[in-house]
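# Descriptive analysis of the structure
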Amino acid sequence: MQIDAEVYRLKERLIQHRRHLHMYPELGFDVYATRDYILSCLKDYGFNEIRILAGTGIKAVMKGKGSGMTLAFRADMDALPLQEETGVEFASINCGKMHACGHDGHMAILLALAEWLGLHKGELNGNVVLIFQPAEETVGGALPMIKEGVLEDPKVDAIFGLHLLPDIPQGKIGLKEGPVMAQNCEFTVEITGKSAHGAMSHQGVDALLASCHFVNLVYGLFHRWVASDEEAVFTIGKLQAGEERNIIAGKAVIEGIVRTFDERVYEQIKENIQGLLRGLELSHGVKAQYREDVYYPAVNNDPKLVSQLKEFLPHRALQDIQPMMIAEDFSYYQQRVPGVYMFLGCGNESKGFTAPLHSSKFNFDEEVLLYGLQAYHDIIKGFGVVR
């Protein structure tokens, strides 16, 4: 991918931002130091409006004098609860926290874009909104930011985001219209019975036994709920029940995920799970509840925007991708305005950058940040927002 000279001149700044943010990772909505660092950078770049949303999120607006489009670009801010094992000199100094999903790189790209926009402020024919969003890795920060007006005043016409991905070779950009990331539900099932002495089981209602029957039923029936031409994943990763070996368990808690590319498929799966739970209440005498703890819609790229991006971005850099079962709350923005989510390839076997996302050894060649900045530069120019 060819890098323009004006983009390349921001390389050192990109690396500086990335390394600072990498050293001080924070979790969820508690990204106060990250927020303050970003604010200190943005104040020097000539933005008309900088607002705090959802406590630690940032909306920065640069307004042009023309009547062009309003484009938004979003970066996620939060890290993961991991102890870093990369061995780099700028490794996390916050114990048990690490930018293991590339969010430090995403923020660095957006900060460099902010600086580039400041240099070209007088050439703006439209508006640019930069969104720094917390809590992507946990309960989701997109929805509260939307509710507080991140896509309004000025009204956003299109939104773009990207994610570093080691599954794609460095220098390539993964792009596809339609669904690219799955709908995600992180659910909890609570089953309540009645404790009793294990030697007098007839006096109790065994929540552990009921939960085991539920798990067996779901795994046995799940493939019959989903048509052969549809994709869905169901996983139970945690089951807790009981207090002592000689006491009938009075409560069981089951935690898992459901992922699909189609909201209709998910609703059918949820309905069937709730039907099983009603049957469990009748057959076992328990009380059972299904709860959605975290819910993201599928990331669904706007076909028209994807077609336009294929005209703006270098063809040799683009790579077709298949929909992935990973999830992202960028989807909430796409429910309000047309949007495209891209994947910035960072796999580089020759340099040893092969660790997957969410690994304590995840790292990337910082040269790749230039490709992300170049892509955003090309999009802004392609839509005529900068003359």
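Look a little higher up for the structure.
Small disclaimer: the values here were computed from a predicted structure and weren't measured.

Calculation rules
- Residues numbered from 1 in each chain as written.
- Predicted model: local features only at pLDDT ≥ 70, side-chain atom pairs only at ≥ 80, totals over all residues.
- Heavy atoms only, no water.
- Helix = DSSP H or I, 4+ residues; strand = E, 2+ residues; numbered from the N terminus.
- Rg over C-alpha atoms; globule rule 2.2 N^0.38 Å.
- Buried < 20%, exposed > 50% of the residue type's maximum accessible area, 1.4 Å probe, protein only.
- Contact = heavy atoms within 4.5 Å.
- Lys, Arg positive; Asp, Glu negative; His and termini not counted.
- Charge placed at Lys NZ, Arg CZ, Asp CG, Glu CD.
- Core = buried A, V, L, I, M, F, W, Y, C linked by side-chain atoms within 4.5 Å.
- Pairing = 2+ DSSP bridges.
- Arc of directions from axis to C-beta.
- Polar contact = N/O pair within 3.5 Å; in protein donor to acceptor, adjacent residues only side chain to side chain.
- Axes fitted to C-alpha atoms, helices over the stretch in contact; angles between N-to-C directions.
- Parallel < 35°, antiparallel > 145°, perpendicular 65-115°, else oblique.
- Left-handed = near helix turned anticlockwise from the far one by under 90°.
- Salt bridge = Lys/Arg side-chain N within 4 Å of Asp/Glu carboxyl O.
- Phe/Tyr/Trp six-rings, centres within 6.5 Å; stacked < 30°, edge-to-face > 60°.

## Some details on the overall build of the protein
Along the backbone of the protein there are ten helices and 16 strands. By the compact-globule yardstick of 21 Å for 387 residues, the protein fits well, its C-alpha radius of gyration being 24 Å. Viewed in the frame of its principal axes, the protein has a C-alpha envelope of about 80 × 45 × 40 Å. The 387 residues of the protein split such that 55% are buried. Relative to all contacts within the protein whose residues are 6 or more apart in sequence, the contacts with residues 24 or more apart total 81%. In the protein, the 37 positive side-chain charges and the 50 negative ones have mean positions that sit 3 Å from each other.

## Some remarks on the nonpolar core
Residues Phe73, Leu130, Phe132 and Phe160 are the most contacted members of the largest nonpolar core, which totals 97 residues. By residue number, the principal contributor to this core is helix H4 (residues 103–119), which donates ten residues. Residues in contact with Leu130, not counting those within four places in the same chain, are Phe47, Ile58, Lys59, Ala60, Phe73, Leu110, Leu113, Ala114 and Leu117. Residues Ala210, Phe214, Ile254 and Leu276 belong to the second largest nonpolar core, which totals 27 residues.

## Regarding the sheet that holds strand E4 (residues 127–133)
Taken in spatial order, the eight strands line up as E1-E2-E4-E3-E5-E16-E6-E15 in an open sheet, and their pairing is mixed. Every interior strand has two partners, whereas the edge strands, strand E1 (49–53) and strand E15 (318–319), have only one. In the sheet, strand E2 (residues 57–63) pairs with E4 via six bridges, with the strands oriented antiparallel. Within E4, the position partnered with Val61 by the bridge is Val129.

## Focus: the environment of Gln16
Inspection of the secondary structure assignment puts Gln16 in helix H2 (residues 11–23). Spatially, the C-alpha atoms of Gln16 and Val129 are 23 Å apart, while their sequence positions differ by 113 residues.

## Describing helix H8 (residues 303–312)
Regarding H8, the residues found buried are Leu305, Val306 and Leu309. For H8, the angular spread of buried residues about the axis comes to 100 degrees, placing them on one side. Counted as exposed and oriented over 90 degrees from the buried face of H8: Lys304 and Glu311. If you follow the buried residues of H8, they end up packed against strand E5 (158–169), strand E14 (299–301), strand E16 (339–347) and helix H10 (368–382). In this structure Asp302 caps H8, since a side-chain oxygen of it lies 3.2 Å from the backbone nitrogen of Lys304.

## Thoughts on the sheet that holds strand E10 (residues 232–241)
Pairing within the open sheet is antiparallel, and its four strands lie in the order E10-E12-E8-E13. Either end of the sheet is taken by a strand with one partner, and the two such strands are E10 and strand E13 (287–296). Averaged over neighbouring strand pairs, the angle between their axes works out to 20 degrees when direction is ignored. Where E10 lies against strand E12 (residues 251–260), nine bridges are found, and the strand directions are antiparallel.

## As for the packing of H2 against helix H3 (residues 32–42)
Across the interface, H2 lies against H3 with an axial gap of 11 Å and an inter-helix angle of 160 degrees. In terms of axis orientation, H2 runs roughly antiparallel to H3. Seen from above, H2 lies across H3 with right-handed handedness. Contacts between H2 and H3 involve Gln16, His17, His20 and Leu21 on the former and, on the latter, Thr34, Tyr37 and Cys41.

## With respect to unusual backbone geometry
Of the consecutive residues Asp153 and Pro154, the connecting peptide bond is found in the cis state with omega at 5 degrees. Unlike most non-glycine residues, Ala135 shows phi in positive territory, near 60 degrees. The phi angle at His358 is positive, at roughly 70 degrees, despite the residue not being glycine. The residue His358 is located in the loop between E16 and H10 in this model. For His358, a relative accessible area of 40% translates into the label partly exposed.

## Brief notes about the pattern of salt bridges
Note on pairing: side chains with opposite charge can pair once their charged atoms come close. Tallying each qualifying case throughout the model produces 19 salt bridges. With a closest N to O distance of 3.8 Å, Lys381 and Glu6 form a salt bridge. One end of the pair, Lys381, is in helix H10; the other, Glu6, is in helix H1 (residues 5–8), and 375 residues separate them in sequence. Judged by relative accessible area, Glu6 falls into the buried class, the value being 18%.

## Topic: the packing of aromatic side chains
The final tally for this structure, using the stated rule, is 15 aromatic pairs. Aromatic pair Tyr219 and Phe234: ring centres 5.6 Å apart, planes at 75 degrees, arrangement edge-to-face. Within this pair, whereas Tyr219 is found in helix H6 (residues 207–225), its partner Phe234 is found in strand E10, the two being separated by 15 residues in sequence. A relative accessible area of 41% means that Tyr219 is categorised as partly exposed. Overall, the relative accessible area of 7% leaves Phe234 in the buried class. Here the aromatic rings of Phe312 and Phe383 are separated by 4.8 Å at their centres, their planes lie at 80 degrees, and the arrangement is edge-to-face. With Phe312 in helix H8 and Phe383 in the segment after H10, this residue pair connects regions lying 71 residues apart in the sequence.

## A look at the side chain of Glu84
Within the secondary structure, Glu84 sits in the loop between strand E3 (70–76) and H4. Although Glu84 lies buried, it forms no salt bridge, and the closest oppositely charged side chain, Arg18, sits 6.5 Å away as judged by the N-O distance. A polar atom in the side chain of Glu84 sits 2.4 Å from the side chain of Thr86. A distance of 2.9 Å separates a polar atom in the side chain of Glu84 from the backbone nitrogen of Ser92. Sequence-distant contacts of Glu84, that is, excluding residues within four places in its chain, are made with His22, Ala91, Ser92, Met98 and Ser360.

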